[in-house]
Amino acid sequence: MGWTATTGFAALAAEARARLDALLPLRLPKGTLMFHPGDAAQGFVVVLEGRVEVFLTGATGREILLYAVEPGQSCVQTTLGLMGGEDYTGEAITATDCHVVVIPKPLFLTLMDDSAPFRAFVFTAFATRMQDMMLLLERVAFQRVESRLAGALLALARDDQVNTTQSDLATRIGSAREVISRRLDHFARRGWVRTDRGRVTLLDPAALRRIAAATEG
């Protein structure tokens, strides 16, 4: 049984599945750079295991996490690059050890032309990813930094522990490390969190949930 049997490609015709199953999965260690700004898309990456994070870096050097690609999800920048010829504007790095398959550009374009189920998978994944991007824009534009930070802490917490740096939190919510430091100090004074080097302990998750639900106006 090939890798397509456990992915969204299971509905493809036998010939298309056989061509995809002939592609050998790759193991990528955590921290692998998959593409950076200016690169041209060479193939459509299917994540079988793990998580790939895509970042955008501004002129000041500040980064924002655009989205993460996990099993069953797609990279919108790759889809745009393969279909529209656009070079990458972001940077993708494996956040964990990953197991991936790369569908070469010629095969990707052939399947887009010849296989309706393949097109449906690509366009559905693309639409879902674009919806995620719109939600990110909405949060950055209209949600307070405190709300975004509280939401990120709750999402990252395991047993009320968040093991990450202030720089990583800033990248995740589209802010600056100095801003995150001040907001965490404020949360700590209120008794909502305790901060240590590389760790945030959630002392009052209920309070953080109230903050995360708040928006401007």
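Residue numbers run consecutively from 1 along every chain, following the written order of its sequence. Given that this is a predicted model, residues contribute local features only at a pLDDT of at least 70 and side-chain atom pairs are listed and counted only at 80 or more, while totals for whole chains, interfaces and linings are drawn from all residues. Side-chain metrics rest on all non-hydrogen atoms present in the structure, leaving aside hydrogens and water.

It is worth spelling out the environment of Phe-121 at this point. Secondary structure is summarised from DSSP: a helix means a run of H or I of at least four residues, a strand means a run of E of at least two, and numbering begins at the N terminus for each. Turning to its location among the elements, Phe-121 is positioned in helix 4 (residues 116–142). A relative accessible area of 16% means that Phe-121 is categorised as buried. Through-space distance from the C-alpha of Phe-121 to that of Leu-12 is 9.7 Å; in sequence the pair is 109 residues apart. Leave out the neighbours within four places in its chain, and Phe-121 touches Gly-8, Phe-9 and Phe-44. We call a residue buried when its accessible area falls under 20% of the maximum for its residue type, exposed when it is over 50%, and partly exposed in between, using a 1.4 Å probe and counting protein chains only. Working rule for contacts: check all heavy atoms of both residues, and any pair within 4.5 Å makes them a contact.

Turning to its location among the elements, Arg-129 is positioned in helix 4. Apart from residues lying up to four places away in sequence, Arg-129 is in contact with Tyr-67, Ala-68, Val-69, Gln-73, Ser-74 and Val-76.

Let us look at the sheet that holds strand 5 (residues 63–69). Pairing between strands requires that DSSP locate at least two bridges from one strand to the other. Spatial strand order, 2-6-4-5: four strands in an open sheet with antiparallel pairing. Both edges of this open sheet fall to strand 2 (33–35) and strand 5, since each of them pairs with a single strand only. Pairwise comparison of adjacent strand axes, ignoring direction, gives a mean angle of 30° for this sheet. Pairing of strand 4 (residues 52–57) with strand 6 (residues 91–94) involves four bridges; the strand directions are antiparallel. Each bridged residue has a counterpart across the sheet, and for Phe-55 the counterpart in strand 6 is Glu-91. Whenever a helix is involved, its axis is fitted only over the stretch in contact; in every case the axis is a line through C-alpha atoms, and angles between N-to-C directions fall within 0 to 180 degrees.

Looking now at helix 7 (residues 177–189). Turn by turn, an α-helix covers 3.6 residues, leaving residues three or four places apart pointing in a common direction. The end-to-end C-alpha separation of helix 7 is 18 Å, in line with the 18 Å expected for 13 residues at 1.5 Å each. Where helix 7 is buried, its residues meet helix 5 (145–156), helix 6 (166–173), strand 9 (193–196), strand 10 (199–202) and helix 8 (205–213). Looking one or two residues past helix 7, Gly-191 carries a phi angle of roughly 85°, positive in sign. Multiplying one less than the number of residues by 1.5 Å gives the expected span of a helix.

Right, let's get into the UniProt feature "domain: HTH crp-type" (unreviewed entry) in the protein chain. UniProt positions are given in the numbering used here, feature names are shortened, and annotations may be inferred rather than shown by experiment. Under the present numbering, the feature "domain: HTH crp-type" (unreviewed entry) in UniProt falls on residues 143–206. Split by type, residues 143–206 is 55% helix and 16% strand. Its first and last C-alpha atoms lie 19 Å apart.

We now examine the packing of aromatic side chains. Working definition: rings of Phe, Tyr and Trp (its six-membered ring) pair if their centres are within 6.5 Å, and the pair is stacked with planes under 30 degrees apart, edge-to-face with planes over 60 apart, and tilted otherwise. This model, assessed by the stated rule, comprises seven aromatic pairs. For the pair Phe-35 and Tyr-88, a centre-to-centre distance of 3.6 Å together with 5° between the ring planes defines the contact as stacked. Separated by 53 residues along the polypeptide, Phe-35 in strand 2 and Tyr-88 in the loop between helix 2 (76–84) and strand 6 bring together distant segments of the chain. An aromatic cluster is defined as three or more aromatic residues linked by ring pairs; in this entry it consists of Trp-3, Phe-9, Phe-44, Phe-108, Phe-118 and Phe-121.

It is worth spelling out the pattern of salt bridges at this point. When a carboxyl oxygen of Asp or Glu lies within 4 Å of a side-chain nitrogen of Lys or Arg, that pair is called a salt bridge. For the coordinates displayed, the defined rule picks out eight salt bridges. The residue Glu-53 makes a salt bridge to Arg-51 at a minimum N-O spacing of 2.9 Å. Arg-51 matches Glu-53 in its accessibility class, with the two residues each being buried. Linking Arg-172 and Glu-53 is a salt bridge whose minimum nitrogen-to-oxygen distance equals 3.7 Å. On the criterion of sequence distance, the pair formed by Arg-172 in helix 6 and Glu-53 in strand 4 is long-range, its members being 119 residues apart. Its relative accessible area of 13% is what places Glu-53 among the buried residues. A single salt-bridge network, built from bridges that share partners, covers Arg-51, Glu-53, Glu-70 and Arg-172.

Among the seven residues of strand 7 (residues 98–104), five are classified as buried, and the element is accordingly described as predominantly covered. Across three bridges, strand 1 (residues 26–28) lies against strand 7 in antiparallel orientation. Across the sheet, residue Leu-26 finds its bridge partner in strand 7, namely Val-100. One ladder, built from six bridges, connects strand 3 (residues 43–49) with strand 7; its direction is antiparallel. Its bridge partner being in strand 7, Phe-44 is matched across the sheet by Ile-103.

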